[in-house]
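Descriptive structure summary
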Amino acid sequence: MRVATWNVNSIRSRIERVIPWLQRNDVDVLAIQETKTREDQFPFFRFEEIGYEVAHHGLNQWNGVAIASRVGLSDVTAGFADAPVWGQAPVPEARHLGASCGGIRINSVYVPNGRQLLDPHMDYKVEWLARLRDAAQGWLAQGPTMVMGDWNIAPQDEDVWSMEFYADKSHVSPRERAAFAAMLDAGYVDVVRPLLPGPKVYTYWDYQQLRFQKGRGMKIDFILASPDVAGRVAAAAIDREERKGKGASDHAPVVVDVADA
DNA sequence: ATGGTTGATCCTCAA
């Protein structure tokens, strides 16, 4: 089974890339982040007409997560237990969607952007990750599980094009890295890093300042799996080609092949 | 020149 994750930065503006990409790459399950659309505007039919079921959780023009699958899609859940809410008048954000696909519990996650080290958004991000860890630890007992998406964290120095540049910025701080490490401590395995070791292996390149053309990216999109699933991962890829050209997302898709149980 | 782009929506915010 081929499983992928992709922050598409608006499903409506990216649909003409996403649909051919799914078909061309023979992908069975795709976890999508940043759909940036309400439910009623999601292009469900474009997936259904090529043989995928799709579940989406989107509340407004921000965030939004989805899962498309051609190997079954059941028991869909939006949001996890005790997920923090953002704001003075707290509103839940669409940052997590779970579904069972092909015998694996798939979780599409869009981790909050902390913005800056002392910004309230950073506290929200760290708290959100702590609650995700708690929930995800429980999922391990329930069977084969994958948690994948845009983590907005570069766990290692080699995951950014310049530590000097990021020294005082979000994504590399000890708090964020500890929050990511807690997922691994809980028992999850990063199934891509061992197969695609760095340095200079990135999944995201800022639109500004010709970052992609200059090779200045970040590795912030990860596929984590329960140990049983991790043992079945036979191959991994980051599709840099999808970052090229007009109309690209600022993130590349990340893909793994999972052998049958 | 202290920015540089992109997207959704509204004339600004988010990344």
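1. Re the protein's contact with DNA strand B
Around DNA strand B, the structure places 15 residues, and the nearest of them are Ser-10, Arg-14, Gln-61, Arg-115 and Gln-209. Protein-adjacent atoms of DNA strand B, using a 4 Å cutoff, are sugar or phosphate at a proportion of 72%. In the model, a phosphate oxygen of DNA strand B is placed 2.9 Å from a nitrogen or oxygen of the Arg-115 side chain. Within the side chain of Gln-208, one N or O atom sits 3.5 Å away from a base nitrogen of DNA strand B. With three residues, the top contributor of residues to the surface near DNA strand B is helix α1 (residues 11–24). Broken down by class, the residue content of the surface near DNA strand B amounts to three nonpolar, seven polar and five charged.

2. Let's talk about the sheet that holds strand β9 (residues 189–190)
Spatial ordering of the open sheet is given by β5-β6-β7-β8-β10-β9, a layout of six strands whose pairing is mixed. In this open sheet, the two edge strands, each paired with only one partner strand, are β5 (74–78) and β9. In this sheet, strand β10 (residues 221–225) lies alongside β9 in antiparallel orientation, the contact comprising two bridges. Counterpart to Asp-190 in the pairing with β10 is Leu-224.

3. Side note on the nonpolar core
Judged by nonpolar contacts, the single largest core of 32 residues is most densely connected at Ile-106, Met-146 and Val-256. When near neighbours in sequence (up to four residues on either side) are disregarded, Val-256 contacts Met-1, Arg-2, Val-3, Met-146, Val-191, Val-192, Ile-223, Val-233, Ala-235 and Ala-236.

4. Considerations on the sheet that holds strand β3 (residues 53–57)
Judged by pairing direction, the sheet is mixed, and its six strands sit side by side in the order β3-β4-β2-β1-β12-β11 without closing on themselves. At either end of the open sheet lies a strand with only one pairing partner, and these are β3 and β11 (233–238). Sheet twist, expressed as the average angle between the axes of neighbouring strands with direction ignored, equals 15 degrees. Looking at chain direction, β11 and strand β12 (residues 254–258) are connected through five bridges and run antiparallel. Counterpart to Val-233 in the pairing with β12 is Val-258.

5. Quick word on α1
Within α1, the axis deviates most sharply at Arg-17, by approximately 40 degrees, and proline Pro-20 lies no more than four positions further along. Among the residues of α1, Ile-11, Arg-14, Ile-15, Arg-17, Val-18, Ile-19, Trp-21 and Leu-22 are the ones counted as buried. In the core, the buried residues of α1 are packed alongside β1 (2–7), β2 (29–33), α2 (44–48) and β12. Looking one or two places after α1, you find Asp-26, whose phi comes out positive at around 60 degrees.

6. Description of the pairing of β10
Within β10, five of the five residues are buried, which leaves it mostly tucked inside the rest of the structure. Of the two faces of β10, the one holding Asp-221, Ile-223 and Ala-225 and the one holding Phe-222 and Leu-224 are both buried throughout. Of the strand pairs in this sheet, strand β8 (residues 145–150) and β10 are connected by five bridges, and their pairing is antiparallel. For Asp-150, the partnering residue across the bridge sits in β10 and is Asp-221.

7. Examining the packing of aromatic side chains
Counted under the stated rule, the structure contains ten aromatic pairs. Summarising the aromatic geometry, the rings of Trp-161 and Tyr-166 are spaced 6.4 Å apart at their centres and angled 80 degrees between planes, so their arrangement reads as edge-to-face. In this structure Trp-161 comes out as partly exposed when scored by relative accessible area, which is 22%. Judged by relative accessible area, Tyr-166 falls into the buried class, the value being 8%. Taking the centre distance of 4.9 Å and the plane angle of 85 degrees together, the rings of Phe-165 and Tyr-166 count as edge-to-face. The partly exposed category is assigned to Phe-165, whose relative accessible area is 28%. An aromatic cluster of at least three residues, connected via ring pairs, comprises Phe-42, Phe-44 and Phe-47.

What counts as what
- Residues numbered from 1 in each chain as written.
- Chains lettered and ligands numbered in written order.
- Predicted model: local features only at pLDDT ≥ 70, side-chain atom pairs only at ≥ 80, totals over all residues.
- Heavy atoms only, no water.
- Near = heavy atom within 4 Å.
- Polar contact = N/O pair within 3.5 Å; in protein donor to acceptor, adjacent residues only side chain to side chain.
- Helix = DSSP H or I, 4+ residues; strand = E, 2+ residues; numbered from the N terminus.
- Nonpolar A, V, L, I, M, F, W, Y, C, P; charged D, E, K, R; others polar.
- Pairing = 2+ DSSP bridges.
- Core = buried A, V, L, I, M, F, W, Y, C linked by side-chain atoms within 4.5 Å.
- Buried < 20%, exposed > 50% of the residue type's maximum accessible area, 1.4 Å probe, protein only.
- Contact = heavy atoms within 4.5 Å.
- Axes fitted to C-alpha atoms, helices over the stretch in contact; angles between N-to-C directions.
- Bend = angle between axes of the 7 residues up to and from the residue.
- Phe/Tyr/Trp six-rings, centres within 6.5 Å; stacked < 30°, edge-to-face > 60°.

Any functional reading would require information that these geometric values do not contain.
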